[in-house]
Amino acid sequence: MKNNFGLIINIFITISFSQVPCILGEVYVSEAANAGDDYIEVYNGGGEECTLAGFRLDDSEELEDFTFGNVILSAGGYWLGYEDSTDSFNSGLGGEGDSIVFADSDGNMLIVILEESMEIADGVELSQSYGSDGTGCYTLRTPGESNTDCFEFIYGCTDPDALNYDSDVNADDGSCEYA
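Conventions used here
- Starting from 1, residues in each chain are numbered consecutively following that chain's sequence as written.
- Thresholds applied to this predicted model are a pLDDT of at least 70 for local features of residues and 80 or more for the giving and counting of side-chain atom pairs; totals over whole chains, interfaces and linings are not thresholded and use all residues.
- Where side-chain values are given, they derive from all heavy atoms of the structure, hydrogens and water being excluded.
- For this analysis, a ring pair means two rings from Phe, Tyr or Trp (six-membered ring only for Trp) whose centres lie within 6.5 Å, classed as stacked if their planes differ by under 30 degrees, edge-to-face if by over 60, and tilted for the remaining angles.
- For the exposure calls, accessible area comes from a 1.4 Å probe over protein chains only, and a residue counts as buried if that area is under 20% of its type's maximum, exposed if over 50%, partly exposed in between.
- Here a helix means four or more residues in a row that DSSP labels H or I, a strand means two or more in a row labelled E, and each is numbered from the N terminus.
- Patches here are clusters of residues that have more than 30% relative accessible area and form no salt bridge, with a 9 Å joining cutoff for like charges and a 5 Å cutoff for nonpolar side chains (Val, Leu, Ile, Met, Phe, Trp, Tyr).
- Surface accessibility follows the Shrake-Rupley procedure with a 1.4 Å probe radius. Residue values consider only the protein chains on display as shielding.
- Criterion for a salt bridge: a side-chain nitrogen of Lys or Arg within 4 Å of a carboxyl oxygen of Asp or Glu.
- None of His or the chain ends enter the tally, which takes Lys and Arg as positive and Asp and Glu as negative.
- What qualifies as a polar contact is a pair of N or O atoms within 3.5 Å, subject to a donor-acceptor requirement within protein and to the restriction that residues adjacent in sequence count only when both atoms come from side chains.
- Only heavy atoms enter the contact rule, under which two residues are in contact if any of them lie within 4.5 Å.
- Should DSSP find at least two bridges between two strands, the strands are taken to pair.

(A) Region of interest: the packing of aromatic side chains. Using the criterion set out here, one finds 11 aromatic pairs in the structure. Judged by centre distance (4.8 Å) and plane angle (70 degrees), the ring pair of Phe66 and Phe68 falls under edge-to-face. The same class applies to Phe66 as to Phe68, namely buried. Relative to Phe153, the ring of Tyr138 lies with its centre 5.7 Å away and its plane at 85 degrees, an arrangement referred to as edge-to-face. Taken as a pair, Tyr138 in strand S12 (residues 136–140) and Phe153 in the loop between S12 and strand S13 (155–156) lie far apart in primary sequence, 15 residues in all. Exposure remark for Phe153: the relative accessible area of 22% places this residue in the partly exposed category. In this structure an aromatic cluster arises from ring pairing among Phe55, Phe66, Phe68, Trp79 and Phe102.

(B) Here's a closer look at a nonpolar patch on the surface. A cluster of nonpolar side chains, namely Met109, Ile111 and Ile113, defines an oily patch on the protein surface of about 250 Å² accessible area. Tracing the backbone shows Met109 in strand S9 (residues 109–114). Judged by relative accessible area, Met109 falls into the partly exposed class, the value being 33%.

(C) Main features of the side chain of Asp58. Along the chain, the position of Asp58 falls in strand S4 (residues 56–58). Buried and unpaired, Asp58 has Arg56 as its nearest opposite-charge partner, separated by 8.4 Å. Side-chain polar atoms of Asp58 contact the backbone nitrogen of Leu63, separated by 3.2 Å. Within polar-contact distance, the side chain of Asp58 engages the backbone nitrogen of Glu64 at 2.8 Å. Other than its neighbours up to four places away in sequence, Asp58 contacts Leu63, Glu64, Asp65, Ser91, Ser99, Ile100 and Val101.

(D) Inspection of unusual backbone geometry at higher detail. With a phi angle near 55 degrees, Leu63 is a residue other than glycine that sits in the positive phi range. Relative to the elements of secondary structure, Leu63 occurs in the loop between S4 and strand S5 (66–67). Taking the relative accessible area as the measure of exposure, Leu63 reaches 7% and is therefore buried. Although it is not a glycine, Asp87 adopts a positive phi angle of roughly 55 degrees. Positionally, Asp87 belongs in the loop between strand S7 (78–82) and strand S8 (98–103). Residue classification places Asp87 among the exposed residues on the basis of a relative accessible area of 64%.

(E) Summary view of the sheet that holds S9. Across the sheet, 4 strands lie side by side as S5-S4-S8-S9; this open sheet has antiparallel pairing. Since the sheet does not close on itself, it has two edges, and those belong to S5 and S9, each with one partner. Alignment of S8 against S9, held across 6 bridges, turns out to be antiparallel. Each residue of the ladder has a partner; that of Val101, found in S9, is Ile111.

Laid out in structure tokens, this is it:
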């Protein structure tokens, strides 16, 4: 009986500490992609494990798309949701640009602006990464991992068959010239 009591106390303590609600701003949308496989990544930049229970995601302030269940995020951990997947959001992220509204259970919101989807040379689709203040930039896709540095666009002709092809260019500006 003594061992069972200790086990019950241990389970209670584990459940109690896992139920600390996340704090909006410490958890935030840290990456999103709106071309190909649409996804949204939420990052816990806080110092402790917390739950996203009652937090909501949508592409409008109506917040009718997705409500989180008891999702536990470790400190420095990620939640990754793909459009139309189980336990994920359903609102498509428009390739021409969209917004992502992330709200806590009290209705406080963080809104990030998702710019037009962008493809670089060799057909590589970029995502957009964000800081806790919602400021974003284009990056290489890193769902569920630390974001890469902001992508620097070097415009010019990316078609190797063009007369003015430039191997240093990573974003086509439509200036290719042909014989």
